[in-house]
Amino acid sequence: MAFLKTQGRTKERFSLLLLDLEEYYFEQHTAYYATTSSNKEKKVRGSLKVCSRSIIFDPEDLTEPILKITLRDCKKIEFLDRENNPFHEPRPSAISILCVQVIYIKESNVIAPYRNERGAKKVSFQLEGWSKTEDVVQTLLQLHRASCLEKLGDQTAMIAANLQSRLARSFFDKNCFQSVAEKPHMECAVEMVMPLVSNPGHVCITDESLYFQPLNGYPEQVIQIQLHRVRRIYKRRHGLRPLGLEVFCTENDFCSDIYLKFYKTADRDEIYYYIATFLENHVTEHTAESYMLQWQRGHLSNYQYLLHLNNLADRSCNNLSQYPVFPWVISDYASERLDLTNAATFRDLSKPVGALNRERLDQLLARYRGMPEPRFMYGSHYSSPGYVLFYLVRVAPEHMLCLQNGRYDHADRMFNSIGDTWKNCLEGATDFKELIPEFYGTDCGFLENKLRLDLGRRQNGSLVGDVVLPPWASDTGDFLQKHRTALESQYVSEHLHEWIDLVFGFKQRGGEALAAHNVFHPLTYEGGIDCDSIEDPDQRIGMLTQILEFGQTPKQLFTTPHPQRITPRFHNITRSPSSNSPVGDLSPASQSEDSSFEDLTEESRKLAWANMGNLKPISSHKIHKEAVTGIAVSHDGSAIFSTSQDTTLKMFSKELKDFQRSMSFSNMALSSCLMLADGKTVVCSSWDNHVYFYSVPFGRRQDTLMGHDDAVSKMCWFDDRLYTASWDSTVKVWQCASDGSSSHKRSQFQLLAELEHDAGVNTIGLNPAGTLLVSGCKDGAVTIWDTSSHATLQQIHCHTGTIHHVAFSPDSRHVLSVGADSCMKVTDVQTGMVISTVKAVEEQRCFCWDGNLVLCGGQSGDLLLWDLLSNTVIQRIPAHSGAVTAMWMSELCSTVITGGDDRQIILWKLLSP
């Protein structure tokens, strides 16, 4: 199992799980314990563990039980001199303890419920290093006084003072460094956190490694993590306070390599940023939005995406109060065959477990309405330490015994059957638990009683053994395999975003949570209570214990509806105008007669983007006197048209490698140009508020549209409709009706719509089908419009400055925008959520993209090839000596033309790898 990974560090019989919750193991001494058997005295050698609330003796002889004596059960602890020592010769000094209870653990070396032997008992220990005996007795007396204090808060404070004193008197041993050349950066006191327990010590970070040295030398003298192996680091809440740091040396494993709790947030943050600075050159920092984009596009499985969300939401396998949570996805545990094509097989992922049974929900709602504030619908949580160990008791029995004071739960309340557990989650008055990642893993151990544990006998007389599987599973391996398949199924992929909304998203809190019947006790939510503000120590500790045992709601990652996954049935959407649908219409794309040709074209595009790093300049030409603002190309590729702030439209011949024509329409800059579908007309927009139509065959201006009250910044054309954007804060939609068949005839323009904005519109773009328009404004707002109704579908203020360029992805699912704030933002069209933010080192001015990769032109003049899934620059290609201001890409993505502030246009070709 995942969190048992850390137990592999030691094969000792002793474990920190033998301690009480919130107890510390301080020191150990080799000692002898005198026991009497058949009137014969026997001296047992072993290790005496001094803990903050107990004494534990771990015999070397595995047939002997481990002894535990809690300090609060001790009536007398004294130092015995040589004369009063009960041991035979030699007779050094000894420790004598009079207690009212001794706890026997692992008798006959078997993991089983503890045996408590009550009654007055005198126990004596003789230290092998007997000169330390008096010091150990003094330590025990001090800890005994703490355990006997009346108030829990006073006990905790006195023990904490003892711990801090020990930490202050000790330091990290630098002889443990792996290299004499290592340079230490900082050292401080911490605790290493593991499920249910923590171990105090010192952390030291160098320019090569992170070291942890336990105060007690357990489970080993030092734990080392080489910084070059680190792949992910996360800040964590621990005990509701920002003190945790978790380090991972793998990308997808949800069990970390070390989890540290600091005593000061500043110490935690310093080490976090030191590691982060060390990693930034070779490890990508992922956000919920970047993972979402990868998941949406099929680069992450449902399982991987849920693991990443759990990690980002403070869930850790080292913290059972915040263990990773996974959904029940199947509702059929009775059929002989599992039908994953039938929607009835699956659980309704739009509802929390507590709302799946309408009859039970009505009863809960009735109680909720009559409840005083603060009100909640569910009296227990969907994830808690008890629920985690309910599932894992067969592989983590010692954790269960630790949590439940040395006992297992009643046999009939154990995890006996998957079908019965699901039924109880549907019908039980207080059972609303979800699942854990192990149900979708590959390790079957938690379903089988391989350790042959005596977990009790049920009322029907049967022993608790392996978990009873559904009829459709032939064995545990088959169950996990089918369960994983169900998680990755078409149905779950289409609906998983609804469950994410409940657990990690906008339905977790507030009015949306209330409407979704997703309201838990206020104490389970992050920020629900500030424990530090509770002055009474007893109340504060009691409140914290209650919160940790009850379970905690994940950190909220999303505050707007989560986008749906792009599932295989929608992958037929192409760039063809007839095959794209408006927002909300997720029906499969229709197959055109030219589908085979389109498939071939799409494959060519994919191949081109896969090799975009091989883009090479073919020629460059300085044909303008000021910055290039727009590029258009004739259909046969023989002529290139460019506009510039120098007021001219220029026609460049690829064959002659020289410009052939130069046209000026006014004394103000031209801002963009495009080639109409007839291949004979170039349209130019100008800062003089006009749009000009230039006839290529006749070499003259064909028409003028006086359309705006300020500069026209950008244009789009689709099916005889012209869209013009202007700094007058509007986008206008024009219908073009030609007087005749010849392209040089004057055209009539009818204004169909005027799309109002709050600021000047700097750029616009159409989706391939012409059904959606996106506009980018000077105030940083991105607006998505329905071109048939001219209604606003989404408006997102996602940039802090002017937006330079916006464009839809080929499948119309996302919009990419770049702005003066040097950010690239990916927005989900359906939900309006910004699902990826990339902060570039320089301002990006223009781009082309395929939905995953972006070829963009930066302020420095270079072309940057970005991978949005990893938020990294794959390649930097030197291009212009000034900012790249315009970019054109051929339909097959094999030819690129760029224009810049340096007045040049550069022709690029994609060379074969």
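All values reported here derive from a predicted model rather than from experimental measurement.

*Asks:* Got a sec to walk through the overall build of the chain? Specific residues and values, please.
*Replies:* For the chain, the helix and strand inventory stands at 14 helices and 42 strands. The dimensions of the chain, computed from C-alpha atoms along their principal axes, are 120 × 65 × 50 Å. Put simply, of all contacts in the chain between residues at least 6 apart along the chain, 57% involve residues at least 24 apart. When the accessible surface of the chain is split by element, carbon and sulfur atoms take 48% of a total near 37900 Å². Computing the positive centroid from 91 side-chain charges and the negative centroid from 110, the chain places the two 3 Å apart.

*Asks:* Before we move on, could you go through empty space enclosed by the protein and cite the residues and values that matter?
*Replies:* One pass over the full model with this rule turns up 5 cavities of 30 Å³ or more. Roughly 70 Å³ of volume is contained in the second largest cavity.

*Asks:* Can you break down a negative patch on the surface residue by residue, with the values?
*Replies:* Together, Asp-709, Asp-710, Glu-754 and Glu-756 make up a region of like negative charge exposed at the surface. Tracing the backbone through its elements, the reader meets Asp-710 in the loop between β23 (700–706) and β24 (712–718). Relative accessible area serves as the criterion here: at 31%, Asp-710 is assigned to the partly exposed category.

*Asks:* I'd love a proper account of the sheet that holds strand β20 (residues 670–675), names of residues and values included.
*Replies:* Strand order in the open sheet formed by 4 strands is β20-β21-β22-β23, and the pairing between neighbours is antiparallel. Both edges of this open sheet fall to β20 and β23, since each of them pairs with a single strand only. Looking at each pair of strands side by side, their axes are set apart by 20° on average, direction ignored. Alignment of strand β22 (residues 690–695) against β23, held across 6 bridges, turns out to be antiparallel. Note on β23: the bridge partner recorded for Ser-695 is Arg-700.

*Asks:* Explain the sheet that holds strand β28 (residues 761–766) to me, and be specific about the residues and the numbers.
*Replies:* Strands sit in the order β28-β29-β30-β31 across an open sheet of 4 strands; the sheet is antiparallel. Across the chains shown, the open sheet's two edge strands, defined by having one partner strand only, are β28 and β31 (792–797). Each strand of the sheet is rotated relative to its neighbour by a mean of 15°, with strand direction disregarded. Bridge count between strand β30 (residues 781–786) and β31: 5 bridges; the pairing is antiparallel. What sits directly across from Trp-785, in β31, is Thr-792.

*Asks:* Break down the pattern of salt bridges for me, citing the residues and quoting the values.
*Replies:* Scanning all chains against the criterion turns up 32 salt bridges. Among the ionic pairs, Glu-117 bridges to Lys-121, the shortest N-O distance being 3.9 Å. Judged by relative accessible area, which is 29%, Glu-117 ranks as partly exposed. In this structure, the salt-bridge partner of Asp-362 is Arg-358, at a minimum N-O distance of 2.9 Å. With Asp-362 and Arg-358 both in helix α6 (residues 358–369), this residue pair falls 4 residues apart, about one helical turn. The partly exposed category is assigned to Asp-362, whose relative accessible area is 37%. For Arg-358, a relative accessible area of 49% puts it in the partly exposed group.

*Asks:* Which residues make up the packing of helix α4 (residues 288–296) against helix α5 (residues 302–312), and what values do they have?
*Replies:* It is the contact of α4 with α5, at a shortest axis distance of 10 Å, that shows an interaxial angle of 175°. What the angle tells us is that α4 and α5 run roughly antiparallel. Every residue of α5 that contacts α4 at Ala-288, Tyr-291, Met-292 and Trp-295 is listed here: Asn-302, Tyr-305, His-308, Leu-309 and Leu-312. Tallied by class, residues from the contact of α4 with α5 come to 7 nonpolar, 2 polar and no charged.

*Asks:* Outline unusual backbone geometry, supporting the account with residue identities and numerical values.
*Replies:* Here Tyr-218 and Pro-219 are connected by a cis peptide whose omega angle stands at 0°. Tracing the backbone through its elements, the reader meets Pro-219 in the loop between β10 (209–214) and β11 (223–226). A cis geometry characterises the amide bond from Glu-373 onward to Pro-374, with omega recorded as -5°. Along the chain, Pro-374 falls in the loop between α6 and α7 (385–392). For Asn-405, which is not glycine, the phi dihedral falls at a positive 55°. Within the secondary structure, Asn-405 is located in the loop between α8 (397–403) and α9 (418–427).

*Asks:* Account for helix α11 (residues 490–503), with residues named and values stated.
*Replies:* Here α11 is 14 residues long and its end C-alpha atoms lie 21 Å apart, about the 20 Å a rise of 1.5 Å per residue gives. The principal kink in α11, of about 40°, is found at Leu-496. Summarising burial for α11: 11 of the 14 residues are buried, a large majority. For α11, the complete set of buried residues consists of Tyr-491, Val-492, Ser-493, Glu-494, Leu-496, His-497, Trp-499, Ile-500, Asp-501, Leu-502 and Val-503. Tucked inside the fold, the buried residues of α11 contact α4, α5 and α10 (476–487).

*Asks:* Would you mind going over the packing of α5 against α11 in detail, with residue names and values included?
*Replies:* It is at 11 Å that the axes of α5 and α11 come closest, and there the two elements cross at 15°. Overall, the two elements α5 and α11 adopt an arrangement that is roughly parallel. Crossing of α5 over α11 shows right-handed handedness. Facing α5, whose interface residues are Asn-302, Tyr-305, Leu-306 and Leu-309, α11 presents Val-492, Ser-493, Leu-496, Trp-499 and Ile-500. Residue classes in the contact of α5 with α11 are distributed as 7 nonpolar, 2 polar and no charged.

Each value, and the rule that gives it
- Residues numbered from 1 in each chain as written.
- Predicted model: local features only at pLDDT ≥ 70, side-chain atom pairs only at ≥ 80, totals over all residues.
- Heavy atoms only, no water.
- Helix = DSSP H or I, 4+ residues; strand = E, 2+ residues; numbered from the N terminus.
- Contact = heavy atoms within 4.5 Å.
- Areas by Shrake-Rupley, 256 points an atom, 1.4 Å probe, with all protein chains shown as cover.
- Lys, Arg positive; Asp, Glu negative; His and termini not counted.
- Charge placed at Lys NZ, Arg CZ, Asp CG, Glu CD.
- 1 Å grid on protein atoms, 1.4 Å probe; cavity = no way out; pocket = protein on both sides within 12 Å on 5 of 7 lines; lining within 4 Å.
- Points joined across faces, edges and corners; volume = space filled by probe spheres on them.
- Patch = residues over 30% accessible without salt bridge, like charges linked within 9 Å, V, L, I, M, F, W, Y side chains within 5 Å.
- Salt bridge = Lys/Arg side-chain N within 4 Å of Asp/Glu carboxyl O.
- Buried < 20%, exposed > 50% of the residue type's maximum accessible area, 1.4 Å probe, protein only.
- Pairing = 2+ DSSP bridges.
- Axes fitted to C-alpha atoms, helices over the stretch in contact; angles between N-to-C directions.
- Parallel < 35°, antiparallel > 145°, perpendicular 65-115°, else oblique.
- Nonpolar A, V, L, I, M, F, W, Y, C, P; charged D, E, K, R; others polar.
- Expected span 1.5 Å × (residues − 1).
- Bend = angle between axes of the 7 residues up to and from the residue.
- Left-handed = near helix turned anticlockwise from the far one by under 90°.

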